[in-house]
Structure formats: C-alpha cells, structure tokens
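# Summary of the model geometry
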Amino acid sequence: MQHLEVLTNAAVCVEDGRIAAVGPRETLRAAHPDAPTVDCSGRVLMPGLVDSHTHGIFGKPRHEEQELRAAGDGYMEIARRGGGIHSSVRDVRARSEDDLYALALPRLRRLAAHGTTTIEVKSGYGLTPDDEIKSLRVIRRLQQALPLRLVPTFLGAHEIPLEYRGTPHAREEYIALIVDEMLPRVAAERLADFADIFCEPGVYTTDEARVILGAARRHGLQLKLHADELETAGAAELAAELGATSADHLAAVSDGGIRALAAAQTVATLLPGTMLFLGRPKQAPARALIDAGAAVALASDFNPGTSPTVNFPLVLTLAVSQLRMSVAEAVLAATVNGAAALGLAAKVGQLAPGFSADLALYDIEDIRELPYWYGDHRCHATWVRGVATHGAG
Ligand code: NIG
Ligand code: FE
C-alpha cells in the first residue's frame, strides 16, 4: 500500500466503457488521432472512489441525536431507549418504496458529486421481510436510474427489532425470520450481492452471526460484518474465520483480530467519519493493521445516525490526519482496496488496461491536495463505464 504510481502528461484511452490504454499523451494521441478527447490538463485524473459501506436507504435525518450525544448520552444508550437505528426503522416502515426512492436518489447523487463512482448500499432499516425487500427494491431501481455502480447488501441483521424483545424466545424468532423467510426471498429475487450483520455486544453475538451468515452463504451471498465497532467481541476473528469479504469499523479490534485479518483475505474496512461524528476518542488502529499486512479499505458509512457525510475525500483527510495513513495508503484504500471489499478488485479501482473506465477528475494539481483541502468540493467530473456521470464530462 506504499506505492502509488503517478504519471504526468499522460492520457487514458477508453473504448467500450473500459480502459484500453494508459500512457504518454503524445503516444496515445498518435495511436488514436480521430478519437474525441476530454482535456484534463492542470487537474488530477484518478480511479473513481469506491465507497464499500453505506446505509443509503433511509427516511428522515436524526439530527436530534447529535445534540443528545453532545450532552452526554451514548450511542448505545440512545438505541436502548428506542432511538438510534430503531428510530430510522419506524420511519422507513412508514414510507412507501416510491418515497424512499425519491429520498435516496439525490443523496446518492451527492455522494457521486464528490468523486465516488461505486457505492455499496445496505438495507437494514426495515427489519421485516416486506420492509427489507422494499429497501432492496429501491436499490434496484436506483441501479437502473443512475449511471453509477451500486452494490446491494442485505442487512436484515442490523438490529433486533423492538417487537422481538418482549418474550424469552423472541430473539430466536427474529433470527429464524431472517434465515427462513428474508434470505430465501432476497436470494430468489436476486436483490443482494452481500449479507451483513451488526455483530456487537448489545446487538448480535458472534454465535448468532455464525448462524445468520452461514445461511446467507448457503444462499450464495458474500459476507460482510460490522465488526468490533464500539466494543471488542472477537468479530474480526469471526470475519476472518468465515472468509468474509470484509470486516468493517474495527475501532475496538483486538491484537488477535488484527493478526487474524492480516492472515486472511478479508479486507479491513475503516470508517473514520463514524468515530469523528460520534465524538469517540479512539479510531481504528490503521497503522497496526497495515503494518501487520492486512488489506485496509476506507469508506464513508453514509447513514443518518453515525455518519451523515457524502464527502469521501473528507474521509481521506481523516485517514491521513487521524489514522496516520500516508496519502498513497489512503488513496489505495479508497480505490483498489475498496474494490476488493466488494469483490470487484479485478474490475474497478485502477487506471489500467481492462479495468472499467470509472474515473474521477479533481481540481487539484497534486494528488496530495485531495486529503489536504478538507471538507472542500474539488471533484470536477466523473465517468462510470466511460459515461459522463457527474460534472462537465
Ligand atoms: O455503521 N453500526 C451500525 N450501523 C451503522 C449505524 C446505523 C445507525 O445508527 O443508523 C454504522 O455505524
Ligand atoms: Fe455501517
């Protein structure tokens, strides 16, 4: 992750939505004298950012919780009172598919406007078969409507819904509902590529995660975990053991978890915007993970509760300034490794022949300016599969 190749006076040749060649501008110009061109001079062209972790399907914002936390309430405490994820669940259940679609569309456009070209989008605020399917259908409609690459994830195990907490066997009943009803429907309609779970003390245990993710895998879904986000619970070790595609958050990962991820193919996806927004003092140990040999990715965690930012370059700022990653590491984590966190490493995230022409053009002269102008909007244009998506094109 130390080596980022930067070319100057270079060109990218795109054919049929893919990168056909990358090389000196004069050489490529001579080889394709009649090809239409986009002048990128004075700017930085790079692979479009790959945001491998968002909860993009939700209704209203939850700004009231930000002030509650400022006054001393914890994230889990607010959830225990029926707020947090539960508040978004009540809201999503009350909304129609059309309504959720109309809310998500401009939000994803705002993510794209900052240079993101691939966005993983989770369900997880429905928590009934119909409301989870409704959310995943919204993602499918967004895939058809937007010139972006969207990757759908089923997150029926985002919480134990409040109505499954009264009786002794209620938890088991909800887990059975996920396994026996939701997963078969999601698989039959091919509505998701991944299944995810919030594996955290107070939410799902590692034993429950084993059951749910085991069933998801039998239905052909790839696996992700919200792992060791707030408290250490061995979730990173479980992700490595199960061969999950990614283990996400990891602010409370143990040394054993770091070693397990380093030894596995599982990508360690870090979400520093979440810890910033929650006002938590401890960020994920990015240096220890990278130095141990884990593949580290960065993502926005865009969601109404813990990370309402659409600005992926700002996440790179946090990576360099808070996680002590180099610019090269942060850029690779947001492109190559973000793609690996979605099983797309051979397709997106690199400017190289054969890769999809998913590109971002920034109003900066040096790649180090991308995390530097923090909070700014420097994205000039993006392309997905060679098609102008955002900006001037
Ligand atoms: O990644 N931790 C669980 N899920 C989200 C937060 C969801 C919410 O608070 O609405 C996260 O931080
Ligand atoms: Fe999340």
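Residues numbered from 1 in each chain as written. Chains lettered and ligands numbered in written order. Predicted model: local features only at pLDDT ≥ 70, side-chain atom pairs only at ≥ 80, totals over all residues. Heavy atoms only, no water.

If you tally the helices and strands in the protein, you get 16 helices and 14 strands. For 393 residues, the compact-globule estimate of 2.2 N^0.38 gives 21 Å, and the C-alpha radius of gyration of the protein, at 21 Å, lies within 12% of that figure. Seen through its principal axes, the protein has C-alpha atoms that stretch 75 × 45 × 40 Å. Classification of the 393 residues of the protein by burial places 56% in the buried group. About 16000 Å² of surface is accessible on the protein, with carbon and sulfur atoms providing 51% of the total. For the protein, the distance from the average position of its 38 positive side-chain charges to the average position of its 48 negative side-chain charges is 2 Å. (Helix = DSSP H or I, 4+ residues; strand = E, 2+ residues; numbered from the N terminus. Rg over C-alpha atoms; globule rule 2.2 N^0.38 Å. Buried < 20%, exposed > 50% of the residue type's maximum accessible area, 1.4 Å probe, protein only. Areas by Shrake-Rupley, 256 points an atom, 1.4 Å probe, with all protein chains shown as cover. Lys, Arg positive; Asp, Glu negative; His and termini not counted. Charge placed at Lys NZ, Arg CZ, Asp CG, Glu CD.)

Within the protein, the iron ion (ligand 2) binds to His 53 (NE2), His 55 (NE2), His 226 (NE2) and Asp 301 (OD); these donor distances fall in the range 2.0 to 2.4 Å. Mapped onto the sequence, the donors of the iron ion (ligand 2) take the spacing H-x1-H-x170-H-x74-D. (Donors = N, O, S within 2.8 Å, 3.2 Å for Na, K, Ca; no water.)

Surveying the vicinity of ligand 1 reveals 16 residues, the closest of which are Tyr 75, Tyr 125, His 158, Glu 229 and Thr 306. Tyr 125 places a polar side-chain atom, nitrogen or oxygen, 2.6 Å from an oxygen atom of ligand 1. Burial of ligand 1 by the protein chains amounts to 100% of its free accessible area of 330 Å². Looking at the shell around ligand 1 residue by residue, the classes come out as 4 nonpolar, 9 polar and 3 charged. (Near = heavy atom within 4 Å. Polar contact = N/O pair within 3.5 Å; in protein donor to acceptor, adjacent residues only side chain to side chain. Nonpolar A, V, L, I, M, F, W, Y, C, P; charged D, E, K, R; others polar.)

So, about the pairing of strand β2 (residues 18-24). Taken residue by residue, a regular strand's side chains alternate between the two faces of the sheet. Sheet topology note: the strand β1 (residues 10-15)/β2 ladder contains 6 bridges and is antiparallel. Across the sheet, residue Cys 13 finds its bridge partner in β2, namely Ala 21. Two successive antiparallel strands, β1 and β2, enclose a turn made up of 2 residues, where Asp 16 displays a positive phi of approximately 50°. (Pairing = 2+ DSSP bridges.)

In this section: the nonpolar core. With 104 residues, the main nonpolar core has Leu 142, Tyr 204, Leu 250 and Leu 298 as its most contacted residues. A total of 9 residues in this core trace back to one element, the largest contributor, which is helix α7 (residues 170-188). One finds Ile 19, Ala 357, Leu 361 and Ala 381 within the second-largest nonpolar core, a separate group that totals 8 residues. (Core = buried A, V, L, I, M, F, W, Y, C linked by side-chain atoms within 4.5 Å.)

When the domains of the protein are assigned, the result is domain 1 (10-46 + 352-391) and domain 2 (47-340). Computed over C-alpha atoms only, the centres of domain 1 and domain 2 are separated by 30 Å. Taken together, the contact pairs 21 residues of domain 1 with 21 residues of domain 2. Considering only the side of domain 1, the residues that lose the most area to domain 2 are Met 46, Asp 358 and Pro 371, jointly responsible for 29% of the buried surface there. When the shortest N-O distance is used, the salt bridge between Asp 358 and Arg 149 registers 3.0 Å. The interface formed by domain 1 and domain 2 holds 10 residue pairs in polar contact (both at pLDDT 80 or more) in total. (Domains from an automatic or database assignment. Contact = heavy atoms within 4.5 Å. Buried area = accessible area lost by both parts, 1.4 Å probe. Salt bridge = Lys/Arg side-chain N within 4 Å of Asp/Glu carboxyl O.)

This part is about the environment of Pro 24. When you line up the elements, Pro 24 lands in strand β2. A C-alpha to C-alpha distance of 4.4 Å links Pro 24 and Ala 10, two positions 14 residues apart in sequence. When near neighbours in sequence (up to four residues on either side) are disregarded, Pro 24 contacts Asn 9, Ala 10 and Ala 11.

The next point concerns the environment of Ala 284. Within the secondary structure, Ala 284 sits in the loop between α11 (272-278) and α12 (286-292). On the basis of relative accessible area, Ala 284 is assigned to the buried category, the value being 9%. The spacing of Ala 284 and Pro 272 is 12 residues in sequence and 7.4 Å in space, taken between C-alpha atoms. When neighbours within four sequence positions are excluded, Ala 284 is seen to be in contact with His 249, Leu 250, Ala 251, Leu 270 and Leu 323.

Now for helix α13 (residues 312-321). In an α-helix, one full turn covers 3.6 residues, which means residues spaced three or four apart are oriented alike. Across the 10 residues of α13, 7 count as buried, placing the element largely inside the fold. The N-capping residue of α13, defined by a side-chain oxygen 3.0 Å from the backbone nitrogen of Leu 314, is Asn 311.

Read from one edge of the open sheet, 8 strands run β4-β5-β6-β7-β8-β9-β10-β11, paired in parallel fashion. Where the open sheet ends on each side, the last strands, each with one partner, are β4 (49-51) and β11 (296-298). The average angle at which neighbouring strand axes cross in this sheet is 25°, direction not considered. (Axes fitted to C-alpha atoms, helices over the stretch in contact; angles between N-to-C directions.)

Once that is clear, we can look at the packing of helix α8 (residues 206-218) against helix α9 (residues 235-242). It is the contact of α8 with α9, at a shortest axis distance of 11 Å, that shows an interaxial angle of 25°. With respect to α9, the axis of α8 lies roughly parallel. Between α8 and α9 the crossing geometry is right-handed. Contacts from Thr 206, Ala 209, Arg 210, Leu 213 and Arg 217 of α8 reach α9 at Ala 235, Leu 238, Glu 241 and Leu 242. A class-by-class count of the residues in the contact of α8 with α9 yields 5 nonpolar, 1 polar and 3 charged. (Parallel < 35°, antiparallel > 145°, perpendicular 65-115°, else oblique. Left-handed = near helix turned anticlockwise from the far one by under 90°.)

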